[in-house]
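Summary of structural features
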Amino acid sequence: MFFFKICSSLIIIALVSSTICKAHPGFSFGWGGGGGVPNGGGYFGLSPEYYQFSCPQADEIVISVLQKAIAREPRMAASLLRLHFHDCFVQGCDASVLLDDSATIASEKRSLPNLNSIRGFEVIDEIKAKLEEACPQTVSCADIVALAARDSTLLSGGPYWELPLGRRDSKTASLGGSNSNIPPPNATLQNLLSFFKRQGLDEVDLVALSGGHTIGVARCVTFKQRLYNQNGNNQPDYTLERTYYNELKSVCPRTGGDNNISPLDFISPAKFDNSYFRLLLWGRGLLNSDEVLLTGSVGNTMELVNKYAEDEGLFFNQFAISMVKMGNISPLVGYNGEIRKNCRQVN
């Protein structure tokens, strides 16, 4: 049984209204030493209280920047959540995704999954600048990305969870790893399960984390295949509900328009809730990688989709667990890596 922690947090009370506090309980976990294996059980050196003495205002600074950024552009919450995902799936949660090209760095920003789509770097820069003013060379960029994902979820109406902190920043990036380790939007269910298993994540994590698509948008190029040539026969994906299919065609023409966008969850694209799963049941999932969670014939993903569509609290609970588990993928701790002064470049 998870304990309701959020209302006891002085920082969150100061920054988030008591209405949100009551509506969205937080989840706490045990933080035993995990021995450096990405099993979701916690890592030695990571702790929710990591900055308690070295930078006690870190949470307050992060959420204050996010409140303004998301108020300006609600889509930013989804962008920051995706940034954490794309960071952790490539050589671990080490902020490698933030590094720009240099003489020694081939930036992951140029990979196929990230090019012209990954966003939120300016918000991370702003958070980092404010943290450097308050606590120089203390809070890592990797932890900033993780905090931004957690707090963006909360500010969008989703769950809060205690986040283990203490990650350090990489001195390298992996363009090849970014191209090969991030699941594509047209992935089959078996492909998705393989991508997640590679990171120590299972089918429950896959379905729960896919629920992050309850906020945000996707570009036409990521779902065009479903509209016009799903199986190489110039026919649409038969699982698409007809009205929804026609609506998508008006946004995403057969030729051109690749950067046109459509909400992943058109019911409540800026609110973190379980409507994503209800849409899947109605044949209104946007990406192939969404729809196969319901229609794929491997494992128990269909059952999980139905459960989360019926019970938002169950989804929130598992999403929090799976986010902590994902955030524990191969962090740099101790004397490994560094604390970057500028998130875009190594020291």
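Presented here is a report on the structure given in the accompanying data block. Predicted model only: the values in this text are computed from it and were never measured.

A few words now on the packing of helix α9 (residues 203-210) against helix α14 (residues 301-310). The angle between the axes and the distance between the axes are what describe a pair of packed helices. Between α9 and α14, the least distance of the axes is 10 Å, while the angle of their chain directions is 40°. Of the possible angle classes, the one that applies to α9 and α14 is oblique. By crossing handedness, the relation of α9 to α14 is classed as right-handed. Contact with α9, carried on its side by Glu-203, Val-204, Val-207 and Ala-208, involves Thr-301, Leu-304, Val-305 and Tyr-308 of α14 and no other residues of that element. Per-class residue counts for the contact of α9 with α14 are 6 nonpolar, 1 polar and 1 charged.

By the secondary structure assignment, Glu-73 is in the loop between α3 (58-72) and α4 (76-88). Distance in space between the C-alpha atoms of Glu-73 and Ala-270 is 9.6 Å, their sequence separation being 197 residues.

By definition, a disulfide links the sulfur atoms of two cysteine residues through a covalent bond. A complete count under the given rule lists 4 disulfides for this structure. At a sulfur-sulfur separation of 2.0 Å, the disulfide partner of Cys-88 is Cys-93. Across the S-S bond linking Cys-88 and Cys-93, the dihedral sits near 120°, which makes this disulfide right-handed. Under the relative-accessibility criterion, Cys-88 is labelled buried at 0%. Look at Cys-93 and you get buried, because its relative accessible area is 1%. Here Cys-141 pairs with Cys-343 through a disulfide, and the sulfurs are 2.1 Å apart. Measuring the twist about the S-S bond at about -95°, one finds the Cys-141-Cys-343 disulfide to be left-handed.

What follows concerns the packing of α4 against helix α6 (residues 141-155). Across the interface, α4 lies against α6 with an axial gap of 8 Å and an inter-helix angle of 140°. When the axes of α4 and α6 are compared, the pair comes out oblique. Note that α4 runs across α6; the crossing there is left-handed. Every residue of α6 that contacts α4 at Ala-77, Leu-80, Leu-81, Leu-83 and His-84 is listed here: Val-145, Ala-146, Ala-148, Ala-149, Ser-152 and Thr-153. For the contact of α4 with α6, the per-class residue count stands at 8 nonpolar, 3 polar and no charged.

Tallied over the full model, the rule gives 15 aromatic pairs. Through a chain of ring-to-ring contacts, the aromatic side chains of Trp-161, Phe-272, Tyr-276, Phe-277, Tyr-308, Phe-315, Phe-316 and Phe-319 assemble into a single cluster. Over the ring of Phe-121 we find Lys-109, and its NZ or CZ is 4.0 Å from the ring centre.

Our next topic: a nonpolar patch on the surface. Together, Phe-266, Ile-267, Leu-281 and Trp-282 make up an exposed nonpolar region whose accessible area comes to about 360 Å². With respect to the helices and strands, Phe-266 occurs in the loop between β4 (261-263) and α12 (275-281).

Another point: the nonpolar core. By size, the foremost hydrophobic cluster in this structure holds 75 residues, and its most contacted members are Leu-83, Leu-98, Ile-124, Leu-131, Phe-277, Leu-293 and Met-326. When near neighbours in sequence (up to four residues on either side) are disregarded, Leu-131 contacts Cys-55, Ala-58, Ile-61, Val-62, Pro-136, Val-139 and Ile-144. Core analysis: the second largest hydrophobic core is formed by 13 residues, Ala-218, Leu-240, Leu-264 and Leu-286 among them.

Counting through the fold element by element, Gly-327 comes out in helix α15 (residues 312-327). Between the C-alpha atoms of Gly-327 and His-84, which are 243 residues apart in sequence, the distance is 8.0 Å. Sequence-distant contacts of Gly-327, defined by excluding residues within four places in its chain, comprise His-84, Cys-88, Cys-93 and Arg-167.

What follows is about α15. Taking 1.5 Å of rise per residue, 16 residues should cover 22 Å, and α15 covers 22 Å from first to last C-alpha, within 8% of that figure. Within α15, burial applies to Phe-315, Phe-316, Gln-318, Phe-319, Ala-320, Ser-322, Met-323, Val-324, Lys-325, Met-326 and Gly-327.

Although it is not a glycine, Gln-91 sits at a positive phi angle of roughly 55°. Assignment of secondary structure puts Gln-91 in the loop between α4 and α5 (121-134). Backbone geometry places Gln-137, a non-glycine residue, at a positive phi of 50°. Residue placement: Gln-137 occurs in the loop between α5 and α6.

What counts and what doesn't
Per-chain numbering applies: the sequence of each chain, read as written, is numbered from 1 onward. Local features in a predicted model are, by the rule used here, given only for residues with pLDDT of at least 70; side-chain atom pairs are given and counted only at 80 or more, and totals for whole chains, interfaces and linings are based on all residues. Hydrogens and water are ignored here; the side-chain numbers use all heavy atoms of the structure. Helix axes are fitted only over the stretch in contact, all axes being lines through C-alpha atoms; the angle between N-to-C directions runs from 0 to 180 degrees. Segments assigned H or I by DSSP are reported as helices when at least four residues long, segments assigned E as strands when at least two residues long, and all are numbered from the N terminus. Small angles under 35 degrees read as roughly parallel and large ones over 145 as roughly antiparallel, with 65 to 115 read as roughly perpendicular and the rest as oblique. When the near helix sits turned anticlockwise from the far one by under a right angle, the crossing is termed left-handed; a clockwise turn instead gives a right-handed crossing. Throughout, a contact is declared for two residues whenever any of their heavy atoms are within 4.5 Å. Gly counts as polar in this scheme, as do all residues outside two lists: the nonpolar Ala, Val, Leu, Ile, Met, Phe, Trp, Tyr, Cys and Pro, and the charged Asp, Glu, Lys and Arg. Our working definition of a disulfide is a cysteine sulfur pair at a distance within 2.5 Å. For each residue, the accessible area found with a 1.4 Å probe, counting protein chains only, is set against the maximum for its type, and the residue is called buried under 20%, exposed over 50%, and partly exposed in between. Two rings from Phe, Tyr or Trp (for Trp, the six-membered ring) form a pair when their centres are within 6.5 Å of each other. A pair whose planes differ by under 30 degrees is stacked, one over 60 is edge-to-face, and the rest are tilted. Charge over a ring is defined by NZ of Lys or CZ of Arg lying within 6 Å of the ring centre and within 35 degrees of the ring normal. Each patch groups residues whose relative accessible area exceeds 30% and which form no salt bridge, using 9 Å between like charges and 5 Å between nonpolar side chains of Val, Leu, Ile, Met, Phe, Trp and Tyr. Only the protein chains shown count as cover for residues, with accessible areas throughout obtained via the Shrake-Rupley method and a probe of 1.4 Å. Here, a salt bridge means any side-chain nitrogen of Lys or Arg that lies within 4 Å of a carboxyl oxygen of Asp or Glu. Only buried Ala, Val, Leu, Ile, Met, Phe, Trp, Tyr and Cys residues count toward a nonpolar core, and they belong to the same one when joined by side-chain atoms within 4.5 Å. To estimate how far a helix should extend, the number of its residues minus one is multiplied by 1.5 Å.

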